[in-house]
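So you can see what is in the structure, the chains are spelled out below.
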Amino acid sequence: MFSEFDGRCCSRMDCSRLTPYFLLCLGFFLHSGGAQVLTESQWGPLYRTLGSRLSITCNVSGFSSHSATKKFQFCFFSPSNPSTPLNIISTSNKNFGYAMYSGRVQTGDIKLTHASPNSVVFEMQSLQRGDEGEFECLVLNSESVYNGIYSSITAVKVIDNSLSVSSTASAVLSHNEGEALTLSCQASSNTLQHTHLSLGWYLHKSGEDAARPIVSLNRDFTLTAGRGFEGRHRTGLIRLDKVGEATYKLEMAKLEVSDQGEIYCRAEEWIQDPDRSWYSIAQKDSARSNLTVKAREVRPGSSAVTAMLSVQPSSLQEGQELSLTCSIDALNQDQRFFSVAWLRGDVELARIGPTGILSVGPEHSGREKDGDFRAARVATRDYRLTLQPVRTEDQGAYVCRVWPQERGQDGAFEQGEAQDSDSVQVTISATESGLSLEMASAVSVKEGDCLRLTCTVRGIKGQLSVAWQRKSPHAAGFTSVVALNQEGVLEAPPTGRSASAARPAADTFTLELEEVTAEDSGVYQCVVSEWKTNSKTTSQSQTATVTVVPMESFVTLGLIGRNSMATVGDSVELMCRVRGLNLPMTLSWTLQRYGSSLDLDNVLTMYSDGSIIWAREQHSYQLRVQKIPNGLYHYLVINGVSQREAGRYQCHVVVSLKNVPKKLESNLLAVIVHNPVSMLSLRPDPSLRRHVNTDVEMRCTVTSEPSATSRYSVTWLLVQQAEKLTLLTTDQDGLVTFGSTLDPSYRKRISARRSEGPTFQLSLRQAQTSDRGSYVCEVAEWLQVSKSQWYQLSPVIETIQLTLTVPANDLRVNLTQRSLAASEGDEVKLECNIITGAFAPSLFYAVSWLYSRDDPAEPKALVELDHTGLLKYPQVRGLEGLQGRLRLSRPTQSSFRLHIQRSHEEDGGTYKCMIKQFHLDNKGQWQQKASESAGPVVLTVKVPGKNLSVLQEEVVLNVSASQKFTVPCQITRQSSAGSEFQVTWFFQKDTKFEQEPIFKVGWNSTLPFWNGNELRFSRPSPEQFSLTLVTEKSGLYFCEVEEWVPSLSHGWRKVAIERSGNYNIIYTEGGNAEPQCQSSTFLGILIPITLLLLFVIFLLVLKLCRSKGVKKPQPSLWTEQHPLNSKPSVDS
């Protein structure tokens, strides 16, 4: 176990085999009584939008030192390479992160901070597309043992930010105090995951740092008023309504001076994490509008108020003008503020606020727009409501209601108690008119299509105007949609549904709504008014019930598949059939893996403009679209399917109606991927029997036919007494990993190799007795299912039985004494042979050669070669020269040889070799098994003996005055090929007189003696010497030869002296010299000399012929031009 980490994330058991690691931890926990250390992080997957902030908390508990600050690391596992960790950041090592993350860490985009000694917070300020994957939190163990779980993994999915927010308000808004403000905001999201939206309206006042929330609709659909707006929200003066699926309307009934500033809406998208907590994944603001509220200065005052209502006339006909005047009676009325409202029954028709702002109920907003409904303050105490032309539905009991308004120091009004007038009954009778309308009473339209309503007019007498109104199923009255006045000008409300009105014919009015949704259902009313001289004379209305058929009822979305039950490597085709949809759409493919209810992966998204975003590995998928009648087929083809692509597929269609996404989902289709059947077969080595301390090789060969893409992973295990030990594993990429429990010394002795076949080989060096057992070769075949995906087939197992034995001790050497003679200077070879013995690779030998010159009982070590190959020369006085000429060799496994180079005479003596046998024990220590000494070898080194012979020839020669004669000296035999000769010529008058030296040539080619007589010396060959002289002395002339030979021990020495025959010279005056010798002797001398001269002449002619006309000076052949090389003189 380790106590620290070296900068690598290792929590996946380096870190890929979670199951064995889990079992190991479980067994340890059961043994120790329970886990102590527990590392926890947020559950996954966490869905976060691109560019948003990611925060992951990580806590650890169970350490013995709770207050000590723990060291944490974060690593990342990419979906494309889930087995390789990428270092991100560490609390203890600033250089921990890889280069791809170090820049983001330095800029603060990635942070890891301690929230407490036992917890950290990992933050990414801006998520990138490549951040999708698994984040691992790892705590470093600072204690001596491991006990618990030290890492935790959180999966993160990065999705697109599809939140959109927009407002229809103008950039500048100006209102008076007390007026009403209505603003609309549209917010929607196209996220495939289940999310909630929250929306709030904010007011940013000048001089304040942060904006204030006015009112918010939270993600759980509850309304919350901001600080300072609670009171007005409770009284209904501030409202926030959701109109339809994506429209949020803010209503502020009475603006106050404090309401001015920048007003905008803010939408947030929330997703529920697996721990059931909600997290904001996106936030956007609409454009800001600058709101100005003008104040009105008044003096405070209070008194009782009385309201009176007068009607002119109280009975009238349809089309006439109705005037309702509300009179107020109060003290200091000129200095006070009032709110006045007109009610028919319990329905408020219109209200004039304290600042004179008119607000009209939704039922009459269209009439107020057309000028049929008017209200104003006509005098200090009078407020008047005018309706023209009146309709029969305007009759009823009318009441005038008055509220006194007190203005505070901050400019806000405080409403007093209401006072009602007496009720006044108004009667309106219908007038006869030829104007009539025709319109279909019920219309059905598909969602997303265009709604077209036609209103036909009969009995036209004057100019006509039309107003189209709508009443939703849950509303009390009609609201204006669009109007076309009598001059043909189109009038549309500032906010609301986009619509168009037209008059294609004199008696026909039409209303068109594009991309209708369910919100457009309801009752539509066509109100046609007749005008004469700018005065409306009569009005008629007709209604039609419009039903919007939801898209789910006519659009079919089905998912079917071909070969959805496939084998790894096959192709699967999924078909998403979309029928009945003629609108631009966005189609997405999602995958839900087996065993996961939350992990929903987006495969791809195809937008209406044809662009495609791939959220998964694109090379595994192909997309194809086919048009069919009334629909489309979207094909998703999975090439080379693997278990990664197995799961439940679903296609999703999103249609945008009025900028609001409409989502449709198909059925789920399961893609089941079966594992292929392995056809792998192996042939292992038979049972092996080897000696200990030898190298053992075990082979496992694949005999089945591999595929073109096959790769193999191999695991070697050792089984001993039912216990399995994993030795090493070679993965399909050739990466070798040793077993986690393998002893380090064992790792040094084993290796794995692959050769042709393929054959997998396990090498075991210096096998020990503890290595015996059953070696299991487990081979798994991997097939390539895509460019970057490989799949493992079921492994095949074979066993090799290994038996190890200790070799017997049977070392025997030759004990016979031998004698050996050699000549000085020769190379001597001494043999030491092993007769019997084990020559296993596990056995090693040491050899020592001993030598004794005089006493064999006291040998001395000359040279030693130990069992490891180390050569040593012991220091022995007097034997340094011999040791310098020694060389060892081992020509055969059983033979050791000692070479003595350039043997000397004193090298003679007794030589003996000693052999020791060694082997390695199971602890790796050298042990001597045996030792034997061979028989002695007696060596005698001989020097050259005397074998000199000089030609013995007796000659009598008569010479006259001044006649030259030659005394030869020829060596016929010599003791050594390297001999040198010293020749001296003597004169002796007769045998009774002493010898007188005439001329001497030294053995080293020097001329140490010459008596000055006229003479000439020559040496025609190495064995022939001659001396030519002139003399007047009669007597005996002869030569004496001394033979000198080189000695390696003593240098040059004289070994022999020989004398030639006598030349008897008889001197006569005037006579001719005639040699007195036999003709055979003369011919024996003449013939060699003649042949030698012919040979010299041939060489000269040959050299002259080879030259090319240029004569170069040649060295002289005369002996006078070649001085003899002198050699060192050594006394004999």
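For the structure, see preceding data.
## Focus: the overall build of the chain
So, point 1. Along the backbone of the chain there are eight helices and 87 strands.
So, point 2. Counting the 1132 residues in the chain, one finds 44% classified as buried.

## So, the sheet that holds strand β10 (residues 164-167)
So, point 1. What the four strands build is an open sheet, ordered β10-β12-β17-β16; its pairing is antiparallel. The strands lining the two open edges of the sheet, one partner per strand, are β10 and β16 (238-243). The sheet shows a mean angle of 20 degrees between the axes of neighbouring strands, direction not considered.
So, point 2. Summarising the sheet, β16 and strand β17 (residues 247-252) pair through six bridges and their orientation is antiparallel. Considered in β17, the bridge of lysine 242 is made with tyrosine 248.

## A word on the pairing of strand β77 (residues 955-959)
So, point 1. Burial along β77 is one-sided: the residues Val955, Leu957 and Val959 are buried and none of Val956 and Asn958 is.
So, point 2. As paired elements, β77 and strand β86 (residues 1063-1067) share five bridges and run parallel to each other. Residue pairing across strands places asparagine 958 opposite isoleucine 1066, the latter belonging to β86.

## With respect to the state of the cysteines
So, point 1. For the coordinates displayed, the defined rule picks out seven disulfides.
So, point 2. Shown here is the disulfide that connects cysteine 58 with cysteine 137, its sulfur atoms set 2.0 Å apart. Here the disulfide of cysteine 58 and cysteine 137 is left-handed, its torsion about the S-S bond being about -90 degrees. Residue cysteine 58 is found in strand β3 (residues 54-61), and its partner cysteine 137 is found in strand β8 (residues 133-139); the two are separated by 79 residues along the sequence.
So, point 3. On the basis of relative accessible area, cysteine 58 is assigned to the buried category, the value being 0%.
So, point 4. Residue cysteine 137 is classed as buried on the basis of its relative accessible area, which comes to 1%.
So, point 5. Bridging cysteine 455 to cysteine 526, the disulfide has an S-S length of 2.4 Å. Around the S-S axis, the bridge from cysteine 455 to cysteine 526 shows a dihedral of about -90 degrees and counts as left-handed.

## Notes on the pattern of salt bridges
Side chains that carry opposite charge are capable of pairing whenever their charged atoms lie near each other.
So, point 1. Under the definition given, this model contains 36 salt bridges.
So, point 2. Ionic pairing is found between lysine 249 and glutamate 251, a salt bridge with its closest N-O pair at 3.3 Å.
So, point 3. Note that arginine 351 and glutamate 348 form a salt bridge whose closest N and O atoms lie 3.0 Å from each other.
So, point 4. Taking relative accessible area as the criterion, glutamate 348 reaches 32% and is therefore assigned partly exposed.
So, point 5. Linked by salt bridges that have partners in common, Arg239, Asp241, Lys249 and Glu251 make up one network.

## Description of unusual backbone geometry
So, point 1. Following glycine 44, the chain continues into proline 45 via a peptide bond in cis, with omega recorded as 0 degrees.
So, point 2. Checked against the element boundaries, proline 45 lands in the loop between β1 (38-41) and β2 (46-49).
So, point 3. A cis geometry characterises the amide bond from glycine 757 onward to proline 758, with omega recorded as -5 degrees.
So, point 4. Note on placement: proline 758 falls in the loop between β60 (750-755) and β61 (759-764).
So, point 5. Although it is not a glycine, phenylalanine 221 sits at a positive phi angle of roughly 65 degrees.
So, point 6. Checked against the element boundaries, phenylalanine 221 lands in the loop between β14 (212-217) and β15 (223-225).

## Overview of the sheet that holds β61
So, point 1. Spatially, the four strands line up as an open sheet ordered β54-β56-β61-β60, and their pairing is antiparallel. This sheet does not close on itself; its edge strands, each paired only once, are β54 (682-684) and β60. If you compare each strand with its neighbour and ignore which way they point, the axes differ by 20 degrees on average.
So, point 2. Sheet analysis places strand β56 (residues 696-702) next to β61, joined by six bridges and oriented antiparallel. Among the inter-strand pairings, arginine 699 is bridged to a residue of β61, identified as glutamine 761.

## A few points about the environment of valine 523
So, point 1. Its place among the elements puts valine 523 in strand β41 (residues 522-532).
So, point 2. Valine 523 sits 23 residues away from valine 546 along the chain, and the two C-alpha atoms are 6.1 Å apart.
So, point 3. With sequence-adjacent residues up to four places away left out, valine 523 is seen in contact with Gln469, Arg470, Lys471, Phe478, Thr543, Ala544 and Thr545.

## So, the packing of aromatic side chains
So, point 1. Under the definition given, this model contains 20 aromatic pairs.
So, point 2. Pairing tryptophan 985 with phenylalanine 1017 gives two aromatic rings, centres 6.0 Å apart and planes at 70 degrees, and the pair type is edge-to-face. Within this pair, whereas tryptophan 985 is found in strand β79 (residues 980-988), its partner phenylalanine 1017 is found in strand β82 (residues 1015-1021), the two being separated by 32 residues in sequence.
So, point 3. With a relative accessible area of 1%, tryptophan 985 lands in the buried category.
So, point 4. Each ring, one from phenylalanine 986 and one from phenylalanine 1038, has its centre 5.6 Å from the other, and the planes form 20 degrees; the classification is stacked. Residue phenylalanine 986 is located in strand β79, and its partner phenylalanine 1038 is located in strand β84 (residues 1035-1047); the two are separated by 52 residues in the primary sequence. The pair formed by phenylalanine 986 and phenylalanine 1038 is uniform in burial state, with each residue classed as buried.

## Some thoughts on a nonpolar patch on the surface
So, point 1. Nonpolar side chains collect at one region of the surface, where Leu1092, Phe1095, Val1096, Phe1098, Leu1099, Leu1100 and Leu1102 lie side by side and expose about 610 Å² of accessible area between them.
So, point 2. For valine 1096, the location among the structural elements is in helix α8 (residues 1079-1106).

## Comments concerning the side chain of threonine 715
So, point 1. Mapped onto the elements, threonine 715 comes out in strand β57 (residues 711-720).
So, point 2. Only 3.3 Å separates the side chain of threonine 715 from the side chain of threonine 729, close enough to count as a polar contact.
So, point 3. Leave out the neighbours within four places in its chain, and threonine 715 touches Thr726, Leu728, Thr729, Val776, Cys777 and Glu778.

## A word on the environment of serine 611
So, point 1. As for its placement among the helices and strands, serine 611 is situated in the loop between β47 (600-606) and β48 (612-614).
So, point 2. Residue class for serine 611 comes out partly exposed when judged on its relative accessible area of 32%.
So, point 3. Setting aside chain neighbours within four positions, we find serine 611 in contact with Thr605 and Met606.
So, point 4. Within the local environment of serine 611, its side chain forms a polar contact with the side chain of aspartate 609, the two groups lying 2.8 Å apart.

## Concerning the side chain of histidine 204
So, point 1. By the element assignment, histidine 204 lies in strand β13 (residues 195-204).
So, point 2. A distance of 2.8 Å separates a polar atom in the side chain of histidine 204 from the backbone oxygen of glutamate 208.
So, point 3. Polar contacts involving the side chain of histidine 204 include one to the side chain of arginine 288, which spans 3.3 Å.
So, point 4. Contact partners of histidine 204, with chain neighbours within four places excluded, come to Asp209, Ala210, Ala211, Gly261, Glu262 and Arg288.

## A word on the environment of arginine 753
So, point 1. Within the element layout of this structure, arginine 753 appears in strand β60.
So, point 2. Residues arginine 753 and serine 763, 10 residues apart in the sequence, show an inter-C-alpha distance of 7.9 Å.
So, point 3. Not counting residues up to four positions away in its chain, the partners in contact with arginine 753 are Thr759, Phe760 and Gln761.

## Let's talk about the nonpolar core
So, point 1. Counting 34 residues, the largest nonpolar core has Leu574, Trp589, Tyr649 and Val653 as the members making the most contacts within it.
So, point 2. Secondary structure elements with two or more residues in this core: α5 (551-554), β43 (556-562), β45 (572-579), β46 (586-592), β47, β50 (631-638), β51 (647-657) and β53 (669-674).
So, point 3. Residues in contact with valine 653, not counting those within four places in the same chain, are Leu557, Val578, Leu581, Met585, Thr586, Leu587, Lys662, Lys663 and Leu664.
So, point 4. Ranked by size, the runner-up nonpolar core spans 31 residues in total, among them Leu163, Leu173, Leu181 and Leu255.

Cut-offs applied
Residues numbered from 1 in each chain as written. Predicted model: local features only at pLDDT ≥ 70, side-chain atom pairs only at ≥ 80, totals over all residues. Heavy atoms only, no water. Helix = DSSP H or I, 4+ residues; strand = E, 2+ residues; numbered from the N terminus. Buried < 20%, exposed > 50% of the residue type's maximum accessible area, 1.4 Å probe, protein only. Pairing = 2+ DSSP bridges. Axes fitted to C-alpha atoms, helices over the stretch in contact; angles between N-to-C directions. Disulfide = S-S within 2.5 Å. Salt bridge = Lys/Arg side-chain N within 4 Å of Asp/Glu carboxyl O. Contact = heavy atoms within 4.5 Å. Phe/Tyr/Trp six-rings, centres within 6.5 Å; stacked < 30°, edge-to-face > 60°. Patch = residues over 30% accessible without salt bridge, like charges linked within 9 Å, V, L, I, M, F, W, Y side chains within 5 Å. Areas by Shrake-Rupley, 256 points an atom, 1.4 Å probe, with all protein chains shown as cover. Polar contact = N/O pair within 3.5 Å; in protein donor to acceptor, adjacent residues only side chain to side chain. Core = buried A, V, L, I, M, F, W, Y, C linked by side-chain atoms within 4.5 Å.

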